[in-house]
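Residue-level structural notes
As a plain string of letters, each chain reads:
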Amino acid sequence: MDEQDFTEMIARMVMSFSKERERGDTTQQAVESVVQEDGRLNGDNVPKFLRAYNAEMRKRDVDVATRLEYFCRVVAVLIHKEVKELREAHDSWLSFEEALLMACGYEKPNG
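The structure reproduced in this document is the subject of the present report.

Rules used in this analysis
Residues numbered from 1 in each chain as written. Predicted model: local features only at pLDDT ≥ 70, side-chain atom pairs only at ≥ 80, totals over all residues. Heavy atoms only, no water. Helix = DSSP H or I, 4+ residues; strand = E, 2+ residues; numbered from the N terminus. Buried < 20%, exposed > 50% of the residue type's maximum accessible area, 1.4 Å probe, protein only. Contact = heavy atoms within 4.5 Å. Expected span 1.5 Å × (residues − 1). Arc of directions from axis to C-beta. Phe/Tyr/Trp six-rings, centres within 6.5 Å; stacked < 30°, edge-to-face > 60°.

This paragraph deals with the overall build of the protein chain. Within the protein chain one finds five helices and zero strands. Each helix and strand of the protein chain, ordered N terminal to C terminal, gives the series α-α-α-α-α. Out of the 111 residues in the protein chain, the part that is buried amounts to 31%. Within the protein chain, contacts between residues separated by at least 24 positions form 56% of all contacts whose residues are at least 6 apart in sequence.

Dropping the structure here:
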């Protein structure tokens, strides 16, 4: 690898890191906005909370994998462990969302 290739590789790594950090900052801002507007999920009115969370994440163009990853940051301490276990058992946002609703006593959402 010559010096130019090395320099280009470092530049790509720095740009990738910057984009990843920016994406994390955007997602964290979305999380903070949800908590500020709607509080933390405590098990009450889960469908409304999920709509608000999804709307904020879509507004900031956060992908569904990242929504799933960050969801526990908006959950009240009282139910955090249960929600985290549920989240870890599901690899997609849709299956997690459905399982969460059902675990909180809501009917399975329509397709």
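In this section: helix H4 (residues 77–88). The first and last C-alpha atoms of H4 sit 17 Å apart over 12 residues, in line with the 16 Å expected at 1.5 Å per residue. Considered for burial, the residues of H4 that qualify are Ile79, Val83, Leu86 and Arg87. Projected down its long axis, H4 shows its buried positions confined to an angular sector of 95°, all on one face. Facing away from the buried side of H4, by more than 90 degrees, are the exposed residues Val77, Lys81 and Glu88. For H4, the secondary structure elements touched by its buried residues are helix H3 (64–70) and helix H5 (93–103).

Moving on, we come to the environment of Glu97. Structurally, Glu97 is set in helix H5. The buried category is assigned to Glu97, whose relative accessible area is 16%. Sequence separation between Glu97 and Leu50 is 47 residues; the distance between their C-alpha atoms is 7.9 Å. If sequence neighbours within four positions are ignored, Glu97 has contacts with Leu50 and Asn54.

Glancing now at the packing of aromatic side chains. Each aromatic ring pair is characterised by the separation of its centres together with the angle its planes make. Using the criterion set out here, one finds six aromatic pairs in the structure. With a centroid separation of 4.9 Å and 90° between ring planes, the pair formed by Tyr53 and Phe71 is classed as edge-to-face. In this pair, Tyr53 is assigned in helix H2 (residues 46–59) and Phe71 in the loop between H3 and H4, connecting sequence segments 18 residues apart. Judged by relative accessible area, Phe71 falls into the buried class, the value being 0%. With a centroid separation of 5.5 Å and 25° between ring planes, the pair formed by Tyr53 and Trp93 is classed as stacked. With a gap of 40 residues between them, Tyr53 in helix H2 and Trp93 in helix H5 connect regions that are remote in the sequence. Classification of Trp93 as buried rests on a relative accessible area of 4%. Taken together, the aromatic side chains of Phe49, Tyr53, Phe71, Trp93 and Phe96 make up a single cluster linked through ring pairs.

What is shown is where atoms sit, not what they do.
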